[in-house]
Amino acid sequence: MIRVNTSKFPLPKHNAKCFALCVEQDATFEGSLMTMEQAFVPGLQRFMADANFIGSSGQKLVVPALTDKGILYCILVGLGTKKNGFFAIETYRRAVGTIVKEVAQVKSDTLALQLPDSKLFSVTDDYLAEQTVTIADMAYYHFDEFITDPKRKWLHDLVVTLVLDGHNEDAINKGSYEGVVIARGVNFTRHWVDMPPDHATPLDLAEKAKEIAQSHGFSITIFNEQEVNQMGMGGLSAVSRGSERDCHLVILEYKTKKPHAPTLGIVGKGITFDSGGLSIKPADSMETMKDDMSGAAAVLGALDALGSLQPEINIVAVLPLAENLPSGKAIKPGDIVTFYNGKTAEILNTDAEGRLILADALAYAVKHYTLDALVDLATLTGACSIALGHFYTALLSQHDELVKKIELASKLSGDRVWRLPLDDDFKPAIRSEYADIKNIGSKKYSAGTITAAFFLQNFVGDVPWAHLDIAGTAFDVPDISYYRSGATGVGVRLLVELAMNWK
Ligand code: BES
Ligand code: MN
Ligand code: ZN
């Protein structure tokens, strides 16, 4: 975790071990660079020249300095050049990520970070602080719960001092608070995704949901496997049948104090381990399948943040939680199940299980609530990372207004989405000879991410609905400075932004 404070003193005037600033490409050597050199980094300008540090995007330079306070580090990261008059905020996010990773590298627990001018990015001070703090905290995330070697453990919080330079202090404090809250949600999600599957079971997650509900005063309902069976949720119950562990369906409700507010439904896939079932996965594809509850975990992380931020919109979250394992009791290819809304599906591949549990959850959400929009997040298809790779979440929807809202939230939050066509041409791909639909698309249609979304469409009624496939973005995203290997917490920043700025 990080702890944040703000200060009006110039950068070198702080009692920190690391001092960081972002540098525009080809900037003249003045301002904070100059004061750093004069204060305690003699030769800084020459170090920069010698290392060919020009401040290009992502470029970094760490200059140690031996002072009477001990060894200090001056960390410079480039912002590159302006595009259309401004620097990109994502470049800044990554610069902050690079800085914090460098601080962790030198095992320091104090950082004084010079805030750049918000106008460079065409943003407010409030937003700049929120982004800075969110990213700093995300970059400091680590998962060492199961590491016993003390040398490999991260022992302390990082204290970050945001150094103001004419910024509005109140705005910076407000944004900084929001940043801490959002990062707490993101890192909560990452923690639960990174947890080994036997330590993050459907019951464990249901209990976590309960803790979150209690700490924020949400109402919560938890159905156990027996109740799920009795309610006629044939999808969730079929997927869970091969597992010794009970499935659960969790419903959380946040109510705003604002009267006549719209209601947003959110559904998150919560497969705590996906072996594929009888259609078992090859060993190497199974290695990361503890991440198959990333959708559900993102919804919980977002709700934890939103409980503190209090959006002016009602939220209903529905989380189907189950484990997908083979056994003598497991669901078989060829079986037909009946879902909560009465529709039937032929299960041809037990590894296409996500859509089966989501079907019941979506049907439950639209039956019991009057929703203005419904969004689901799921690590649904391997095809998604073939189509889009790891930097963009797939967004599928036939509701342009909802798409616009999500795309805006995506831009502001940094959780990037890319729309795929949800065109009716793909609909026949999941037609079944034996049931209403089948759980895999016919080969000739390809586009597994799109045909999966069409499966889900059968369960949302006429509520404006968008599906986010996070199979490529939830885990092991390369190269982004504020992530690490493992869980990314994708979706949390997006959902928080979507709920906070719902219009
Ligand atoms: N959980 C997987 C999708 C997945 C794959 C997520 C890789 C993250 C990384 C999902 O349940 C699955 O197995 N989907 C199948 C569907 C297929 C059988 C139609 C897939 O993508 O192979
Ligand atoms: Mn699967
Ligand atoms: Zn799965």
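Our structure is the block above this text.
Residues numbered from 1 in each chain as written. Chains lettered and ligands numbered in written order. Predicted model: local features only at pLDDT ≥ 70, side-chain atom pairs only at ≥ 80, totals over all residues. Heavy atoms only, no water.

**Focus: the sheet that holds strand β5 (residues 110-114)**
Read across the sheet, six strands follow the order β1-β6-β5-β2-β4-β3 without closing on themselves; strand pairing throughout is mixed. At either margin of the open sheet sits one strand with a lone partner, and together these are β1 (2-7) and β3 (60-67). Direction aside, neighbouring strands of the sheet carry axes that sit 25° apart on average. Direction of pairing for strand β2 (residues 18-24) relative to β5: parallel, over a ladder of three bridges. Note that in β5 the partner of C18 across the bridge is L111. Sitting on the sheet, helix α1 (residues 31-39) is in contact with β2, β4 (70-80) and β5, with an inclination near 145° to β2. Running over the sheet, helix α3 (residues 89-105) touches β2, β3, β4, β5 and β6 (158-163) and is turned about 160° from β4. (Pairing = 2+ DSSP bridges. Helix = DSSP H or I, 4+ residues; strand = E, 2+ residues; numbered from the N terminus. Axes fitted to C-alpha atoms, helices over the stretch in contact; angles between N-to-C directions. Contact = heavy atoms within 4.5 Å.)

**Things to note about the coordination of the manganese ion (ligand 2)**
D274 (OD), D351 (O), D351 (OD) and E353 (OE) make up the full set of protein donors to the manganese ion (ligand 2), lying at 2.0 to 2.2 Å. Every donor residue of the manganese ion (ligand 2) comes from the same chain, spaced as D-x76-D-x1-E. According to the relative accessible area criterion, D351 is partly exposed, its value standing at 21%. (Donors = N, O, S within 2.8 Å, 3.2 Å for Na, K, Ca; no water. Buried < 20%, exposed > 50% of the residue type's maximum accessible area, 1.4 Å probe, protein only.)

**Let's talk about the sheet that holds strand β17 (residues 437-438)**
Pairing in this open sheet of three strands is mixed, and the strands run β12-β13-β17 from one edge to the other. At either margin of the open sheet sits one strand with a lone partner, and together these are β12 (336-338) and β17. Alignment of strand β13 (residues 344-346) against β17, held across two bridges, turns out to be parallel. Considered in β17, the bridge of E346 is made with K438.

**Some points on the coordination of the zinc ion (ligand 3)**
Distances from the zinc ion (ligand 3) to its protein donors, K269 (NZ), D274 (OD), D292 (OD) and E353 (OE), fall at 1.9 to 2.4 Å. Bound by six donor atoms, the zinc ion (ligand 3) shows angles of 78 to 175° at the metal and therefore octahedral coordination geometry. Sequence positions of the donors to the zinc ion (ligand 3) reduce to the motif K-x4-D-x17-D-x60-E. Taken as a pair, the zinc ion (ligand 3) and the manganese ion (ligand 2) show a spacing of 3.2 Å, with D274 coordinating each metal. Within this pair, whereas D274 is found in strand β10 (residues 270-274), its partner D292 is found in the loop between α9 (283-286) and α10 (294-309), the two being separated by 18 residues in sequence. We note that D274, like D292, is buried. (Tetrahedral: all angles 85-135°; square planar, octahedral: opposite > 155°, others 65-115°.)

**Things to note about the site of ligand 1**
The immediate surroundings of ligand 1 are formed by 15 residues, with K281, D292, D351, E353 and G382 found nearest. D292 places a polar side-chain atom, nitrogen or oxygen, 2.8 Å from a nitrogen atom of ligand 1. A distance of 3.4 Å separates a nitrogen atom of ligand 1 from a polar atom in the backbone of L380. In isolation ligand 1 has 520 Å² of accessible area, and contact with the protein removes 76% of it. Its residues assigned to classes, the shell around ligand 1 comprises four nonpolar, four polar and seven charged. (Near = heavy atom within 4 Å. Polar contact = N/O pair within 3.5 Å; in protein donor to acceptor, adjacent residues only side chain to side chain. Areas by Shrake-Rupley, 256 points an atom, 1.4 Å probe, with all protein chains shown as cover. Nonpolar A, V, L, I, M, F, W, Y, C, P; charged D, E, K, R; others polar.)

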